[in-house]
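Structure assessment
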Amino acid sequence: MPIATVNPANGETLKTYEAMDEEELERRLRLAEATFRTYRTTAFADRARLLNRAADLLDEDGAEIARVMTTEMGKPVKQARAEAAKCAKAMRWYAEHAAELLADERPAESDVKDSGASHALVRYRPLGPVLAVMPWNFPLWQVVRFAAPALMAGNVGLLKHASNVPQTALYLEDLFHRAGFTEGCFQTLLIGSGAVDEILRDERIRAATLTGSEPAGRAVASTASEMVKKTVLELGGSDPFVVMPSADVDRAAEVAVTARVQNNGQSCIAAKRFIVHSDVYDRFAERFTEGMKALKVGDPLEEETEVGPLASERGRADLEELVDDARRSGATVLCGGERPDGPGWYYPPTVIAGIDREMRIHREEAFGPVATLYRAADLDEAVLIANDSPFGLSSNVWTREAAEVDRFVRDLEAGGVYVNGMTASHPAFPFGGVKRSGYGRELSGHGIREFCNITTVWHGA
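All of the points below concern the structure found in this document. (Residues numbered from 1 in each chain as written. Predicted model: local features only at pLDDT ≥ 70, side-chain atom pairs only at ≥ 80, totals over all residues. Heavy atoms only, no water.)

Overview of the overall build of the protein chain
Using the following cut-off: Secondary structure elements are taken from DSSP: a helix is a run of H or I of four residues or more, a strand is a run of E of two residues or more, and numbering for both begins at the N terminus. Throughout, the radius of gyration refers to the C-alpha atoms, and the reference size of a globule is 2.2 Å times the residue count to the power 0.38. Relative accessible area decides the class of each residue, using a 1.4 Å probe on protein chains only: under 20% of the type maximum gives buried, over 50% gives exposed, and in between gives partly exposed. Every residue pair with non-hydrogen atoms within 4.5 Å of one another is taken to be in contact. Calculation of accessible area relied on Shrake-Rupley with a 1.4 Å probe; when residues are assessed, cover is drawn exclusively from the protein chains displayed. Within this scheme the basic residues Lys and Arg register as positive and the acidic residues Asp and Glu register as negative, but His and the chain ends are omitted. By convention, the charge on Lys lies at NZ, on Arg at CZ, on Asp at CG and on Glu at CD.
What the protein chain contains, in helices and strands, is 15 helices and 19 strands. For 461 residues, the compact-globule estimate of 2.2 N^0.38 gives 23 Å, and the protein chain sits close to it at 23 Å. Viewed in the frame of its principal axes, the protein chain has a C-alpha envelope of about 70 × 60 × 40 Å. Taken across its 461 residues, the protein chain has 57% of its residues classed as buried. The long-range fraction of contacts in the protein chain, counting pairs at least 24 apart against all pairs at least 6 apart in sequence, stands at 73%. When the accessible surface of the protein chain is summed, it comes to about 18800 Å², and 50% of that surface belongs to carbon and sulfur atoms. Across the protein chain, the mean location of the 53 positive side-chain charges is 3 Å away from that of the 69 negative side-chain charges.

Shown next, in the form of C-alpha coordinates:
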(Lines give C-alpha, C1' and ligand atoms only; values in the text may rest on other atoms or scores of the structure.)
Protein backbone atom coordinates (compact mmCIF):
# COMPACT_ATOMS: atom_id res chain seq x y z
CA MET A 1 0.00 0.00 0.00
CA PRO A 2 1.52 3.37 -0.98
CA ILE A 3 2.12 5.99 1.70
CA ALA A 4 -0.28 8.63 0.45
CA THR A 5 -3.18 10.93 1.22
CA VAL A 6 -6.10 9.83 -0.95
CA ASN A 7 -9.28 11.82 -0.41
CA PRO A 8 -12.02 9.20 0.17
CA ALA A 9 -14.72 11.70 -0.82
CA ASN A 10 -13.53 11.67 -4.44
CA GLY A 11 -10.65 9.20 -4.76
CA GLU A 12 -8.12 11.93 -5.59
CA THR A 13 -4.51 11.36 -4.55
CA LEU A 14 -3.34 14.57 -2.88
CA LYS A 15 0.13 13.74 -1.55
CA THR A 16 2.51 10.81 -1.76
CA TYR A 17 5.57 10.02 0.35
CA GLU A 18 8.62 7.82 -0.08
CA ALA A 19 9.17 5.20 2.58
CA MET A 20 12.18 5.82 4.81
CA ASP A 21 15.28 3.92 3.80
CA GLU A 22 17.30 1.66 6.10
CA GLU A 23 19.82 4.37 6.88
CA GLU A 24 17.14 6.76 8.13
CA LEU A 25 15.42 4.03 10.14
CA GLU A 26 18.72 3.14 11.78
CA ARG A 27 19.32 6.79 12.64
CA ARG A 28 15.94 7.03 14.28
CA LEU A 29 16.37 3.83 16.26
CA ARG A 30 19.76 5.01 17.53
CA LEU A 31 18.24 8.35 18.44
CA ALA A 32 15.36 6.73 20.33
CA GLU A 33 17.73 4.58 22.36
CA ALA A 34 20.07 7.48 23.16
CA THR A 35 17.21 9.80 24.06
CA PHE A 36 15.67 7.26 26.41
CA ARG A 37 18.85 7.12 28.51
CA THR A 38 18.42 10.75 29.50
CA TYR A 39 14.67 11.26 29.17
CA ARG A 40 13.95 8.42 31.60
CA THR A 41 15.62 10.46 34.36
CA THR A 42 13.51 13.60 33.87
CA ALA A 43 11.07 14.65 36.58
CA PHE A 44 7.32 14.18 36.26
CA ALA A 45 6.90 17.94 36.51
CA ASP A 46 9.13 18.49 33.49
CA ARG A 47 7.31 15.87 31.44
CA ALA A 48 3.97 17.36 32.46
CA ARG A 49 5.06 20.83 31.40
CA LEU A 50 5.95 19.55 27.93
CA LEU A 51 2.76 17.52 27.57
CA ASN A 52 0.59 20.44 28.66
CA ARG A 53 2.34 22.57 26.06
CA ALA A 54 1.54 19.94 23.42
CA ALA A 55 -2.11 20.08 24.49
CA ASP A 56 -2.14 23.86 24.15
CA LEU A 57 -0.65 23.66 20.66
CA LEU A 58 -3.15 21.01 19.64
CA ASP A 59 -6.01 23.23 20.76
CA GLU A 60 -4.57 26.04 18.63
CA ASP A 61 -4.22 23.70 15.64
CA GLY A 62 -7.60 22.00 16.14
CA ALA A 63 -9.46 23.33 13.11
CA GLU A 64 -6.51 22.85 10.77
CA ILE A 65 -5.61 19.29 11.79
CA ALA A 66 -9.31 18.37 11.76
CA ARG A 67 -9.48 19.24 8.06
CA VAL A 68 -6.36 17.16 7.44
CA MET A 69 -7.88 14.13 9.17
CA THR A 70 -11.13 14.52 7.26
CA THR A 71 -9.31 14.80 3.95
CA GLU A 72 -7.20 11.74 4.71
CA MET A 73 -9.82 9.32 6.06
CA GLY A 74 -13.26 10.89 5.56
CA LYS A 75 -14.70 11.46 9.04
CA PRO A 76 -17.14 14.40 9.31
CA VAL A 77 -15.14 17.49 10.15
CA LYS A 78 -17.19 18.18 13.29
CA GLN A 79 -16.14 14.79 14.63
CA ALA A 80 -12.54 15.48 13.63
CA ARG A 81 -12.49 18.69 15.67
CA ALA A 82 -13.97 16.81 18.62
CA GLU A 83 -11.23 14.19 18.27
CA ALA A 84 -8.51 16.84 18.43
CA ALA A 85 -10.09 18.38 21.55
CA LYS A 86 -10.35 14.94 23.16
CA CYS A 87 -6.64 14.35 22.57
CA ALA A 88 -5.72 17.61 24.26
CA LYS A 89 -7.91 16.64 27.21
CA ALA A 90 -6.17 13.27 27.54
CA MET A 91 -2.74 14.91 27.44
CA ARG A 92 -3.70 17.23 30.28
CA TRP A 93 -5.22 14.36 32.26
CA TYR A 94 -2.01 12.35 32.15
CA ALA A 95 0.11 15.43 32.82
CA GLU A 96 -1.91 15.95 36.00
CA HIS A 97 -2.22 12.37 37.20
CA ALA A 98 0.88 10.45 36.06
CA ALA A 99 2.99 11.14 39.14
CA GLU A 100 0.20 9.85 41.38
CA LEU A 101 -0.51 6.82 39.19
CA LEU A 102 3.16 5.81 39.18
CA ALA A 103 3.97 6.72 42.78
CA ASP A 104 5.97 4.23 44.83
CA GLU A 105 3.80 1.63 46.53
CA ARG A 106 4.47 0.63 50.12
CA PRO A 107 3.66 -2.93 51.16
CA ALA A 108 2.00 -3.54 54.52
CA GLU A 109 4.51 -3.12 57.37
CA SER A 110 3.75 -6.63 58.62
CA ASP A 111 4.67 -8.08 55.22
CA VAL A 112 7.87 -6.03 55.09
CA LYS A 113 8.95 -7.38 58.49
CA ASP A 114 7.93 -10.91 57.58
CA SER A 115 10.20 -10.73 54.51
CA GLY A 116 13.16 -9.82 56.70
CA ALA A 117 13.48 -6.29 55.30
CA SER A 118 13.92 -3.02 57.10
CA HIS A 119 11.84 -1.38 54.42
CA ALA A 120 10.58 -2.17 50.91
CA LEU A 121 8.67 -0.59 48.06
CA VAL A 122 7.41 -1.17 44.54
CA ARG A 123 8.58 1.34 41.92
CA TYR A 124 7.36 1.82 38.35
CA ARG A 125 10.23 2.42 35.92
CA PRO A 126 10.01 2.99 32.14
CA LEU A 127 10.84 0.16 29.76
CA GLY A 128 12.42 2.03 26.85
CA PRO A 129 11.54 2.72 23.21
CA VAL A 130 8.01 1.50 22.42
CA LEU A 131 6.82 0.82 18.86
CA ALA A 132 3.23 1.89 18.21
CA VAL A 133 1.44 0.46 15.15
CA MET A 134 -1.69 2.55 14.76
CA PRO A 135 -4.79 2.59 12.49
CA TRP A 136 -6.38 5.30 10.38
CA ASN A 137 -9.87 5.47 11.88
CA PHE A 138 -9.02 7.79 14.79
CA PRO A 139 -5.67 9.00 13.48
CA LEU A 140 -4.98 11.41 16.36
CA TRP A 141 -6.74 9.72 19.28
CA GLN A 142 -5.33 6.23 18.79
CA VAL A 143 -1.81 7.65 18.91
CA VAL A 144 -2.29 10.11 21.76
CA ARG A 145 -3.87 7.53 24.06
CA PHE A 146 -0.59 5.60 23.71
CA ALA A 147 1.83 8.52 23.56
CA ALA A 148 0.57 10.58 26.49
CA PRO A 149 0.93 7.85 29.14
CA ALA A 150 4.09 6.44 27.55
CA LEU A 151 5.87 9.80 27.57
CA MET A 152 4.70 10.59 31.10
CA ALA A 153 6.06 7.22 32.26
CA GLY A 154 9.48 8.11 30.83
CA ASN A 155 9.35 5.96 27.71
CA VAL A 156 10.00 7.18 24.17
CA GLY A 157 7.81 6.31 21.20
CA LEU A 158 8.20 5.35 17.57
CA LEU A 159 5.01 5.55 15.51
CA LYS A 160 4.23 3.41 12.49
CA HIS A 161 0.93 4.92 11.43
CA ALA A 162 -1.48 3.66 8.77
CA SER A 163 -0.20 4.43 5.29
CA ASN A 164 -3.28 6.44 4.30
CA VAL A 165 -2.84 9.09 7.03
CA PRO A 166 0.78 10.25 6.57
CA GLN A 167 0.05 13.94 7.06
CA THR A 168 -1.56 13.28 10.44
CA ALA A 169 1.38 11.05 11.39
CA LEU A 170 3.93 13.73 10.52
CA TYR A 171 1.84 16.36 12.31
CA LEU A 172 2.04 14.35 15.54
CA GLU A 173 5.83 14.19 15.40
CA ASP A 174 5.98 17.92 14.75
CA LEU A 175 3.50 18.64 17.55
CA PHE A 176 5.62 16.96 20.21
CA HIS A 177 8.79 18.60 18.91
CA ARG A 178 7.20 22.07 18.95
CA ALA A 179 6.06 21.42 22.51
CA GLY A 180 9.69 21.00 23.55
CA PHE A 181 10.17 17.23 23.62
CA THR A 182 13.58 16.36 22.20
CA GLU A 183 13.57 14.79 18.75
CA GLY A 184 14.08 11.24 19.96
CA CYS A 185 11.13 11.26 22.38
CA PHE A 186 8.53 10.79 19.65
CA GLN A 187 9.31 9.89 16.05
CA THR A 188 7.12 9.00 13.10
CA LEU A 189 8.37 6.20 10.87
CA LEU A 190 7.08 6.50 7.31
CA ILE A 191 7.28 2.83 6.43
CA GLY A 192 5.05 0.14 4.99
CA SER A 193 3.56 -2.62 7.08
CA GLY A 194 6.15 -5.06 5.73
CA ALA A 195 8.90 -3.25 7.65
CA VAL A 196 7.26 -3.67 11.06
CA ASP A 197 8.55 -7.18 11.70
CA GLU A 198 12.21 -6.24 11.33
CA ILE A 199 11.86 -3.17 13.54
CA LEU A 200 10.05 -5.16 16.21
CA ARG A 201 12.91 -7.66 16.19
CA ASP A 202 15.44 -4.91 16.88
CA GLU A 203 16.82 -5.19 20.42
CA ARG A 204 16.41 -1.45 20.95
CA ILE A 205 12.63 -1.78 20.77
CA ARG A 206 11.48 -2.92 24.20
CA ALA A 207 7.73 -3.25 23.68
CA ALA A 208 4.94 -2.67 21.18
CA THR A 209 1.33 -1.60 21.08
CA LEU A 210 -1.03 -2.15 18.18
CA THR A 211 -4.55 -1.05 17.44
CA GLY A 212 -5.94 -2.55 14.27
CA SER A 213 -7.10 -5.70 12.57
CA GLU A 214 -6.92 -9.20 13.97
CA PRO A 215 -4.40 -10.37 11.30
CA ALA A 216 -2.13 -7.42 12.08
CA GLY A 217 -2.42 -8.16 15.79
CA ARG A 218 -1.54 -11.81 15.26
CA ALA A 219 1.56 -10.86 13.27
CA VAL A 220 2.84 -8.39 15.86
CA ALA A 221 2.02 -10.70 18.77
CA SER A 222 3.81 -13.61 17.07
CA THR A 223 7.02 -11.68 16.51
CA ALA A 224 6.91 -10.06 19.93
CA SER A 225 6.39 -13.44 21.55
CA GLU A 226 9.37 -14.85 19.70
CA MET A 227 11.48 -11.89 20.88
CA VAL A 228 9.96 -12.00 24.40
CA LYS A 229 8.65 -8.44 24.28
CA LYS A 230 5.61 -6.96 25.98
CA THR A 231 2.64 -6.08 23.76
CA VAL A 232 -0.77 -4.49 24.14
CA LEU A 233 -3.31 -5.28 21.43
CA GLU A 234 -6.65 -3.59 20.77
CA LEU A 235 -8.21 -5.35 17.82
CA GLY A 236 -11.68 -5.63 16.31
CA GLY A 237 -15.04 -5.41 17.95
CA SER A 238 -18.62 -6.36 17.17
CA ASP A 239 -20.22 -4.79 20.20
CA PRO A 240 -23.74 -5.75 21.32
CA PHE A 241 -26.36 -3.11 22.11
CA VAL A 242 -29.04 -4.80 24.22
CA VAL A 243 -32.48 -3.23 24.79
CA MET A 244 -34.78 -4.67 27.46
CA PRO A 245 -38.51 -3.90 28.04
CA SER A 246 -37.92 -1.51 30.96
CA ALA A 247 -35.67 0.74 28.86
CA ASP A 248 -36.55 4.14 27.46
CA VAL A 249 -36.93 2.66 23.99
CA ASP A 250 -37.15 5.93 22.09
CA ARG A 251 -34.01 7.24 23.76
CA ALA A 252 -32.25 3.92 23.20
CA ALA A 253 -33.10 4.04 19.48
CA GLU A 254 -31.84 7.62 19.22
CA VAL A 255 -28.53 6.82 20.89
CA ALA A 256 -28.26 3.60 18.87
CA VAL A 257 -28.03 5.61 15.64
CA THR A 258 -25.09 7.62 16.94
CA ALA A 259 -23.51 4.53 18.46
CA ARG A 260 -23.58 2.79 15.10
CA VAL A 261 -22.52 5.54 12.70
CA GLN A 262 -19.93 7.42 14.75
CA ASN A 263 -16.84 7.89 12.59
CA ASN A 264 -18.86 6.69 9.57
CA GLY A 265 -19.36 3.39 11.38
CA GLN A 266 -15.62 2.71 11.31
CA SER A 267 -14.98 2.29 15.00
CA CYS A 268 -14.03 -0.85 16.89
CA ILE A 269 -16.24 0.26 19.80
CA ALA A 270 -19.21 1.25 17.66
CA ALA A 271 -22.32 -0.75 18.53
CA LYS A 272 -22.88 -3.18 15.68
CA ARG A 273 -25.29 -5.89 16.84
CA PHE A 274 -28.61 -4.61 18.21
CA ILE A 275 -30.24 -7.25 20.40
CA VAL A 276 -33.79 -6.27 21.36
CA HIS A 277 -36.30 -8.01 23.62
CA SER A 278 -39.36 -9.25 21.72
CA ASP A 279 -41.71 -7.05 23.76
CA VAL A 280 -40.11 -3.85 22.40
CA TYR A 281 -38.48 -5.13 19.22
CA ASP A 282 -40.98 -3.70 16.71
CA ARG A 283 -40.99 -0.27 18.30
CA PHE A 284 -37.20 -0.10 18.52
CA ALA A 285 -36.72 -1.39 14.97
CA GLU A 286 -39.08 1.25 13.59
CA ARG A 287 -37.50 4.14 15.49
CA PHE A 288 -33.96 2.97 14.79
CA THR A 289 -34.53 2.48 11.08
CA GLU A 290 -36.18 5.89 10.79
CA GLY A 291 -33.18 7.45 12.50
CA MET A 292 -30.71 5.72 10.20
CA LYS A 293 -32.68 6.78 7.11
CA ALA A 294 -32.72 10.41 8.27
CA LEU A 295 -28.94 10.78 8.52
CA LYS A 296 -27.33 13.25 6.13
CA VAL A 297 -24.68 11.56 4.02
CA GLY A 298 -22.35 13.81 2.09
CA ASP A 299 -19.12 15.77 1.85
CA PRO A 300 -17.39 15.29 5.22
CA LEU A 301 -16.00 18.85 5.09
CA GLU A 302 -19.53 20.25 5.23
CA GLU A 303 -20.69 21.09 8.74
CA GLU A 304 -24.12 19.47 8.41
CA THR A 305 -22.78 16.11 7.19
CA GLU A 306 -23.37 13.25 9.64
CA VAL A 307 -21.95 10.35 7.62
CA GLY A 308 -19.07 10.68 5.19
CA PRO A 309 -17.36 8.18 2.90
CA LEU A 310 -15.59 5.05 4.03
CA ALA A 311 -11.83 5.45 4.24
CA SER A 312 -10.96 3.19 1.33
CA GLU A 313 -12.39 1.49 -1.71
CA ARG A 314 -11.38 -1.90 -0.30
CA GLY A 315 -13.19 -1.14 2.94
CA ARG A 316 -16.41 -0.39 1.08
CA ALA A 317 -16.08 -3.57 -0.97
CA ASP A 318 -15.59 -5.65 2.18
CA LEU A 319 -18.71 -4.11 3.73
CA GLU A 320 -20.75 -4.75 0.59
CA GLU A 321 -19.72 -8.40 0.63
CA LEU A 322 -21.07 -8.84 4.16
CA VAL A 323 -24.37 -7.17 3.30
CA ASP A 324 -24.79 -9.11 0.07
CA ASP A 325 -24.01 -12.41 1.82
CA ALA A 326 -26.67 -11.70 4.46
CA ARG A 327 -29.23 -10.74 1.82
CA ARG A 328 -28.57 -13.91 -0.19
CA SER A 329 -28.91 -15.96 3.00
CA GLY A 330 -32.39 -14.61 3.75
CA ALA A 331 -31.84 -11.47 5.82
CA THR A 332 -34.12 -8.48 5.31
CA VAL A 333 -32.60 -5.09 4.50
CA LEU A 334 -34.77 -2.48 6.24
CA CYS A 335 -32.89 0.48 4.79
CA GLY A 336 -29.77 1.17 2.74
CA GLY A 337 -27.80 -1.76 1.41
CA GLU A 338 -27.03 -0.33 -2.05
CA ARG A 339 -23.91 1.51 -3.17
CA PRO A 340 -24.77 5.04 -4.36
CA ASP A 341 -23.73 6.39 -7.74
CA GLY A 342 -21.04 9.02 -7.99
CA PRO A 343 -17.45 9.55 -6.87
CA GLY A 344 -16.08 8.66 -3.47
CA TRP A 345 -16.35 5.57 -1.29
CA TYR A 346 -19.76 6.21 0.20
CA TYR A 347 -22.08 3.59 1.62
CA PRO A 348 -25.53 4.39 3.05
CA PRO A 349 -26.60 3.80 6.67
CA THR A 350 -28.02 0.28 6.56
CA VAL A 351 -30.16 -1.85 8.89
CA ILE A 352 -30.48 -5.61 8.41
CA ALA A 353 -32.89 -7.90 10.27
CA GLY A 354 -33.33 -11.67 10.34
CA ILE A 355 -29.71 -12.52 11.07
CA ASP A 356 -28.72 -16.12 11.73
CA ARG A 357 -25.47 -17.71 12.91
CA GLU A 358 -24.48 -18.92 9.44
CA MET A 359 -24.23 -15.45 7.95
CA ARG A 360 -20.79 -13.92 7.72
CA ILE A 361 -22.00 -10.64 9.21
CA HIS A 362 -22.89 -12.49 12.41
CA ARG A 363 -19.28 -13.61 12.90
CA GLU A 364 -17.30 -10.84 11.21
CA GLU A 365 -16.93 -7.18 12.05
CA ALA A 366 -18.89 -4.82 9.80
CA PHE A 367 -16.61 -1.78 9.56
CA GLY A 368 -19.01 0.80 8.25
CA PRO A 369 -22.56 2.16 8.86
CA VAL A 370 -24.29 -1.23 8.81
CA ALA A 371 -26.36 -2.45 11.78
CA THR A 372 -27.75 -5.92 12.43
CA LEU A 373 -30.99 -6.46 14.39
CA TYR A 374 -31.69 -9.49 16.59
CA ARG A 375 -34.85 -10.44 18.47
CA ALA A 376 -34.37 -11.95 21.95
CA ALA A 377 -37.15 -13.74 23.83
CA ASP A 378 -35.70 -12.99 27.29
CA LEU A 379 -32.58 -11.93 29.16
CA ASP A 380 -30.96 -15.36 28.83
CA GLU A 381 -31.25 -15.31 25.06
CA ALA A 382 -30.00 -11.71 24.94
CA VAL A 383 -26.85 -12.70 26.82
CA LEU A 384 -26.43 -15.77 24.61
CA ILE A 385 -26.62 -13.72 21.41
CA ALA A 386 -24.38 -10.99 22.79
CA ASN A 387 -21.65 -13.48 23.69
CA ASP A 388 -21.97 -15.43 20.43
CA SER A 389 -19.10 -13.52 18.85
CA PRO A 390 -15.35 -14.02 18.56
CA PHE A 391 -14.94 -10.44 19.81
CA GLY A 392 -15.34 -8.94 23.26
CA LEU A 393 -14.38 -5.28 23.20
CA SER A 394 -17.29 -3.42 24.82
CA SER A 395 -21.06 -3.65 25.22
CA ASN A 396 -24.14 -1.47 25.72
CA VAL A 397 -27.13 -2.39 27.87
CA TRP A 398 -30.44 -0.54 28.18
CA THR A 399 -32.58 -1.43 31.19
CA ARG A 400 -33.97 0.17 34.34
CA GLU A 401 -33.92 -3.10 36.28
CA ALA A 402 -31.02 -3.33 38.76
CA ALA A 403 -31.10 -7.12 38.75
CA GLU A 404 -30.74 -7.14 34.95
CA VAL A 405 -27.80 -4.76 35.15
CA ASP A 406 -26.09 -7.06 37.64
CA ARG A 407 -26.66 -10.03 35.38
CA PHE A 408 -25.27 -8.29 32.29
CA VAL A 409 -22.22 -7.02 34.16
CA ARG A 410 -21.59 -10.53 35.44
CA ASP A 411 -22.15 -12.45 32.21
CA LEU A 412 -21.28 -10.29 29.20
CA GLU A 413 -17.90 -11.21 27.74
CA ALA A 414 -16.50 -7.74 27.10
CA GLY A 415 -13.96 -5.25 28.38
CA GLY A 416 -16.70 -2.75 29.21
CA VAL A 417 -20.42 -2.65 30.02
CA TYR A 418 -22.11 0.71 29.39
CA VAL A 419 -25.57 0.97 30.93
CA ASN A 420 -28.17 3.28 29.35
CA GLY A 421 -25.58 4.96 27.17
CA MET A 422 -23.12 4.30 24.36
CA THR A 423 -19.54 3.15 24.73
CA ALA A 424 -17.03 5.99 24.84
CA SER A 425 -13.39 6.15 25.89
CA HIS A 426 -12.16 8.51 28.62
CA PRO A 427 -8.60 8.84 29.97
CA ALA A 428 -9.72 7.91 33.50
CA PHE A 429 -11.21 4.52 32.54
CA PRO A 430 -9.33 1.44 31.28
CA PHE A 431 -9.97 0.52 27.67
CA GLY A 432 -9.49 -2.87 26.02
CA GLY A 433 -11.14 -6.19 25.36
CA VAL A 434 -11.13 -9.97 25.67
CA LYS A 435 -11.25 -12.88 23.25
CA ARG A 436 -10.15 -11.82 19.75
CA SER A 437 -10.51 -8.15 20.63
CA GLY A 438 -7.03 -8.32 22.13
CA TYR A 439 -5.39 -8.05 25.53
CA GLY A 440 -3.91 -5.47 27.84
CA ARG A 441 -5.42 -2.09 28.62
CA GLU A 442 -4.97 1.47 27.45
CA LEU A 443 -5.85 4.63 29.39
CA SER A 444 -6.24 5.11 33.16
CA GLY A 445 -3.64 3.88 35.61
CA HIS A 446 -3.81 0.44 34.03
CA GLY A 447 -2.73 1.87 30.69
CA ILE A 448 0.24 3.87 31.93
CA ARG A 449 1.56 0.87 33.87
CA GLU A 450 1.44 -1.47 30.84
CA PHE A 451 4.84 -0.25 29.67
CA CYS A 452 6.56 -0.02 33.02
CA ASN A 453 9.09 -2.24 34.74
CA ILE A 454 7.31 -3.03 38.01
CA THR A 455 10.30 -3.17 40.31
CA THR A 456 10.52 -4.59 43.83
CA VAL A 457 13.00 -2.64 45.99
CA TRP A 458 13.99 -4.53 49.18
CA HIS A 459 16.34 -3.35 51.94
CA GLY A 460 17.78 -5.75 54.47
CA ALA A 461 17.42 -5.09 58.16
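Further notes follow.
Remarks on the sheet that holds strand 6 (residues 186–188)
In plain terms, the rule: Paired strands are those between which DSSP finds at least two bridges.
The strand order across the open sheet formed by six strands is 6-5-4-7-8-18, and the pairing between neighbours is mixed. Pairing within the sheet leaves two strands with one partner each, and these edge strands are strand 6 and strand 18 (438–439). Bridge count for strand 4 (residues 129–133) against strand 7 (residues 207–211) is four bridges, and the pairing is parallel. Following the sheet pairing, Ala132 is matched in strand 7 by Thr209.

Details of the packing of aromatic side chains
The line we're drawing: Stacked, edge-to-face and tilted labels apply to pairs of Phe, Tyr and Trp rings (six-membered ring for Trp) whose centres lie within 6.5 Å, assigned for plane angles under 30 degrees, over 60, and everything in between, in that order. Definition used: whenever NZ (Lys) or CZ (Arg) falls within 6 Å of the ring centre and also within 35 degrees of the ring normal, the charge is taken to sit over that ring.
If you walk through the whole model with that rule in mind, you get 11 aromatic pairs. For the pair Phe176 and Phe181, a centre-to-centre distance of 5.7 Å together with 80° between the ring planes defines the contact as edge-to-face. The exposure classification of Phe176 matches that of Phe181, with both residues buried. Note on Phe241 and Phe274: the rings are 5.2 Å apart at their centroids and 45° apart in plane angle, and the pair reads as tilted. Of this pair, Phe241 sits in strand 9 (residues 239–243) while Phe274 sits in strand 10 (residues 271–277), and the two are 33 residues apart along the sequence. Relative accessible area serves as the criterion here: at 0%, Phe241 is assigned to the buried category. An aromatic cluster of three or more residues is present, and its members are Phe241, Phe274, Phe284, Phe288 and Trp398. Positioned over the ring face of Tyr39 is Arg47, at 5.6 Å from the centre of the ring. Directly above the aromatic system of Trp141 lies the positively charged group of Lys86, at a separation of 4.5 Å from the ring centroid.

Quick word on the packing of helix 2 (residues 44–73) against helix 5 (residues 141–152)
Selection rule: What counts as an axis is a line fitted to C-alpha atoms, over the stretch in contact for a helix, and the angles between N-to-C directions run from 0 to 180 degrees. The labels follow the angle: roughly parallel below 35 degrees, roughly antiparallel above 145, roughly perpendicular from 65 to 115, and oblique for the rest. Put simply, Ala, Val, Leu, Ile, Met, Phe, Trp, Tyr, Cys and Pro go in the nonpolar bin, Asp, Glu, Lys and Arg in the charged bin, and everything else, Gly too, in the polar bin.
It is at 9 Å that the axes of helix 2 and helix 5 come closest, and there the two elements cross at 150°. Classified by the angle between their axes, helix 2 and helix 5 sit roughly antiparallel to one another. Counting all contacts with helix 2, which are made through Phe44, Arg47, Ala48 and Leu51, the residues of helix 5 involved are Ala148, Leu151 and Met152. For the contact of helix 2 with helix 5, the class distribution of residues is six nonpolar, no polar and one charged.

Section: the sheet that holds strand 11 (residues 332–335)
Pairing in this open sheet of seven strands is mixed, and the strands run 11-12-13-10-9-15-16 from one edge to the other. Both outer strands of the open sheet, strand 11 and strand 16 (418–419), are each paired with one neighbouring strand and no more. Two elements, strand 9 and strand 10, share five bridges in a ladder whose sense is parallel. Note that in strand 10 the partner of Pro240 across the bridge is Arg273.

Describing a negative patch on the surface
We apply this condition: Like-charged residues within 9 Å of one another, or nonpolar side chains (Val, Leu, Ile, Met, Phe, Trp, Tyr) within 5 Å, are grouped into patches, provided each residue has over 30% relative accessible area and no salt bridge. For this document, the term salt bridge refers to a Lys or Arg side-chain nitrogen within 4 Å of an Asp or Glu carboxyl oxygen.
A contiguous patch of negative charge, built from Asp21, Glu22, Glu23 and Glu198, is present on the exposed surface. By the element assignment, Asp21 lies in the loop between strand 2 (12–17) and helix 1 (22–39).

Points about the environment of Tyr418
The following threshold applies: By the criterion applied in these results, polar contacts are pairs of N or O atoms within 3.5 Å in which, for protein atoms, one can donate a hydrogen and the other can accept it, and in which residues neighboring in sequence qualify only through two side-chain atoms.
Along the polypeptide, Tyr418 turns up in strand 16. Along the sequence, Tyr418 and Trp398 sit 20 residues apart, while their C-alpha atoms lie 8.5 Å from each other. Beyond its immediate sequence surroundings of up to four residues, Tyr418 is in contact with Ser394, Ser395, Asn396, Val397, Thr423 and Ala424. Polar contacts involving the side chain of Tyr418 include one to the main-chain carbonyl oxygen of Ala424, which spans 2.9 Å.

Overview of unusual backbone geometry
Backbone geometry at Asn420 places phi at a positive 55°, although glycine is not the residue there. Within the secondary structure, Asn420 is located in the loop between strand 16 and strand 17 (434–435). Although it is not a glycine, Ser444 sits at a positive phi angle of roughly 60°. Inspection of the secondary structure assignment puts Ser444 in helix 15 (residues 444–449). Judged by relative accessible area, which is 2%, Ser444 ranks as buried.

Describing the packing of helix 9 (residues 249–261) against helix 10 (residues 278–294)
Going by this rule: Put simply, a crossing is left-handed when the front helix is turned counterclockwise from the back one by less than a right angle, and right-handed when it is turned clockwise.
Direction vectors running N to C along helix 9 and helix 10 enclose 45°, while the axes themselves pass 9 Å from each other. Taken together, helix 9 and helix 10 sit at an angle that is classed as oblique. For the crossing formed where helix 9 meets helix 10, the hand is right-handed. Of the residues in helix 10, those in contact with Val249, Asp250, Ala252, Ala253, Ala256, Val257, Arg260 and Val261 of helix 9 are Val280, Arg283, Phe284, Arg287, Phe288, Gly291 and Met292. Counted by class, the contact of helix 9 with helix 10 contains 10 nonpolar, one polar and four charged residues.

Section: the pattern of salt bridges
Counting across every chain of the model gives 41 salt bridges. Glu24 serves as the salt-bridge partner of Arg27, at 3.0 Å between the closest nitrogen and oxygen. Residue Arg27 and its partner Glu24 are located together in helix 1, separated by three residues, close to a single helical turn. Look at Arg27 and you get partly exposed, because its relative accessible area is 30%. For Arg204, the salt bridge is made with Asp202, and the minimal N-O distance between the two is 2.8 Å. Neither residue differs from the other here; Arg204 and Asp202 are each classed as buried. Each of Glu24, Arg27, Arg28, Glu173 and Glu183 takes part in a single network of salt bridges with overlapping partners.

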